[in-house]
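Spelled out, the chains give:
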Amino acid sequence: MLLEEIMQRPVWTIAPAARLDEAYRLMRRHNVRHLPVVEGERLVGIVTDRDVRALTRPGSGVFGGGTPVHRAMTPDPITAGPRDPVEEAARLMRRRKVGCLPVLDGGRLAGIVTVTDLLDALAHLTGLEKPGSRLVVRVDDAPGRLAHLTSLVADQGINLLSVLTYTEPATAYVRIILRLAALDPHPAAALLRREGFDVVWPPAP
Amino acid sequence: MDCPLVYHPAYQAYDFGPRHPFSPVRLERVWTLLEALGAAPEPVAPPAATPAEVRWVHDDALVAQVEAASDGAPRPDAPRYGLATPDVPAFEGMDAAARLLVGGTLHAARLVASGAAVRVLQLGGGLHHAQQALASGFCVYNDLAVAIHHLRREGLRVAYLDVDVHHGDGVQWLFYEDPDVLTISLHESGRYLFPGTGGVFEMGEDAGTGYALNVPLEPFTQDASYLDVFERVVPHALAWFRPDVLVVQCGADAHAADPLAHLLLTTHGYEALFRRILALADVHTGGRLVLTLGGGYDLDATTRIWTMLALLARGLDLPERLPETWLHRWTDRQGGPPTPTLHDPEAERSVANRAAIEDQNRRVSTRLLELAAPYWH
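Residues numbered from 1 in each chain as written. Chains lettered and ligands numbered in written order. Predicted model: local features only at pLDDT ≥ 70, side-chain atom pairs only at ≥ 80, totals over all residues.

Got a minute to help me understand the sheet that holds strand β2 (residues 42–48) of chain A in this structure?
Note: strands within a sheet are paired through backbone hydrogen bonds, in either parallel or antiparallel orientation. All names here are of chain A. Read across the open sheet, the three strands follow the order β1-β2-β3; overall the sheet is antiparallel. The strands lining the two open edges of the sheet, one partner per strand, are β1 (34–39) and β3 (74–75). Here two bridges tie β2 to β3, and the two strands are oriented antiparallel to one another. Across the sheet, the residue bridging to G45 is P75, located in β3. (Pairing = 2+ DSSP bridges. Helix = DSSP H or I, 4+ residues; strand = E, 2+ residues; numbered from the N terminus.)

Right, dumping it as structure tokens:
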């Protein structure tokens, strides 16, 4: 899954010379927390609702609502490309501790990705948007286990909505979480048990 | 109270084949048991819903796909509409069979809206998973949504209550932005069960925000916890919303014997639940109530639960034992004797982590009430 598939557009932007209270109104109106600061076509910074609130708080003494945006913004923000995969964007945002990534396509601001978009992407990756049921299997970490498992499900004519796997912490076992496009996962689970799989969910009758 | 029973023997044409759990035999069993008990009134035979009525809630594209599949020749892209799949296999006459079930629920709604009846039981339907352009989870057309649409057109505010063990997703999505339809679904959590949705944070959208309520329950939830959570949420929601009419999908698959799900209700839990629903309608909607069936895949338990529903709705006494003639007849058909009593003979199962389950259910209902509170004032 690529950023161009999940990024927000159009992007609400603000000029560096604009006032902070104007930036705040723009965020409120469009229900966003991040505004790329753009001079002409060029991205020069990011201003967030936190920047605005911190700098315009009464008693902070330094700035007020009339302060120009460029004095509060983070200059030269970290950016991503439209064809970056979402997992890479997630790691970048965690490592650099930022809440959004402007997406640049050939120097032009093409979109923006926030933590919220990544959470939506996670829900999408787990196949939760389509009706289905969950089947969880625990296997040892060896080649061919997933292939065997999915071919048995396919033999039953059941479509897969998603496949997630992760290694259990502290063991060498892998959990495979399938979302099946079927109301009842029990027949598939029974077949897998007969074939020797350790089915964690659904429970045996 | 007089309670017309909407039913047509042709309901049994909604049949996905002998290996499919959504078996028409359930209806035959309930109907013959009501007859054997002397509790079957002359049923009200409904007209089938017209294609135009179905299109009140469904896209033309879905209806066209169902019509094509009904000739036994589903289009190649039918699975995109949820058709010709393991859950909703195509069969000959599918469109007509599905429209007859829609017609039954719609007819029940018409009887209530016109004042011809106050409480009506539709002995069929409850196909709550069907979405605008998607057949899903054994459901071709959403009879409940068509009926609710009619009630709305008659100017009534509708509360929809769904006690099927699966989330009532189709009805929820079809009225997700509508502040004049409150949907409430109690179900086994989507973390564990189809369709996967129905979390507390699904509360409606736009003008409809706050008008969808979901109570996801832990697997192995038993009577006491279920009824406790019901009591914490449903009466308050109805008092706040002030509906004109209550529509209830009475799935029987929350029963402990159900092979497709993991809640552990008994027939005693169901009796208490149904009595409470009837009483809530009396208090909040002047008794106006449309009841439908729904899921329920243990033939034996489902038959007893829906028979109990019909008896309670019609204000009749519950028998202890079932008639011998009926037991005899179905011993042959079932390949073993049916449970001879209306209620479950065995005591409630003991569950190891019962306290943790009850605690989690309480916390979920508290969370839901906290989330809903801003909309309730």
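Here the narrative resumes.
Would you explain the sheet that holds strand β9 (residues 198–201) of chain A in this entry?
All names here are of chain A. On the basis of which strands lie adjacent, the open sheet formed by four strands has the order β7-β8-β6-β9 and antiparallel pairing. Every other strand in the sheet has two partners, leaving β7 (160–167) and β9 as the edge strands with one partner each. For this sheet the average axis-to-axis angle between neighbouring strands, irrespective of direction, equals 25 degrees. Pairing analysis gives three bridges linking strand β6 (residues 133–140) to β9, with the strands arranged antiparallel. Paired with V137 across the two strands is V199, which belongs to β9. (Axes fitted to C-alpha atoms, helices over the stretch in contact; angles between N-to-C directions.)

What's the story with the interface of chain B and chain A in this structure? I'm lost.
Size of an interface, as often reported, equals the accessible area lost when the parts are brought together. Every contact between the two is made by 17 residues of chain B and, on the other side, 15 residues of chain A. Looking at the side of chain B that touches chain A, its residues break down into nine nonpolar, six polar and two charged. (Contact = placed C-beta atoms within 7 Å. Nonpolar A, V, L, I, M, F, W, Y, C, P; charged D, E, K, R; others polar.)

Could you clarify how one ought to interpret the packing of helix α7 (residues 223–241) of chain B against helix α8 (residues 267–284) of chain B in this entry?
How two helices pack is summed up by the angle between their axes together with the distance between the axes. Residues and elements named next belong to chain B. At a minimum axis distance of 11 Å, the contact between α7 and α8 shows a crossing angle of 10 degrees. By the angle between their axes, α7 is roughly parallel relative to α8. In this structure, α7 uses D223, Y226, L227, F230, V234, P235, L238 and A239 to contact α8, whose residues at the interface are H268, G269, A272, L273, L280 and H284. (Parallel < 35°, antiparallel > 145°, perpendicular 65-115°, else oblique.)

Looking at this structure, how should I read the pairing of β7 of chain A?
Residues in a regular strand point their side chains to alternate faces of the sheet. Residue and element names in this part refer to chain A. As paired elements, β7 and strand β8 (residues 173–180) share seven bridges and run antiparallel to each other. Looking at the pairing, S162 lines up with R179 of β8. The loop that links β7 with its antiparallel partner β8 comprises five residues; one of these, A170, has a positive phi angle of about 75 degrees.

Looking at this structure, how should I read the pairing of strand β7 (residues 289–292) of chain B?
All names here are of chain B. The two faces of β7 match: L289 and L291 on one face and V290 and T292 on the other face are all buried. When strand β2 (residues 119–122) meets β7, the two strands line up parallel, connected through four bridges. Each bridged residue has a counterpart across the sheet, and for V120 the counterpart in β7 is V290. Sheet topology note: the strand β6 (residues 245–249)/β7 ladder contains four bridges and is parallel. In the strand pairing of β7, V248 is matched with L291. Taken together, β6, α8 and β7 constitute a β-α-β crossover, and its handedness is right-handed. (Buried ≥ 20, exposed ≤ 12 C-beta atoms within 10 Å, placed from the backbone. Right-handed = clockwise from strand over helix to strand, strands pointing away.)

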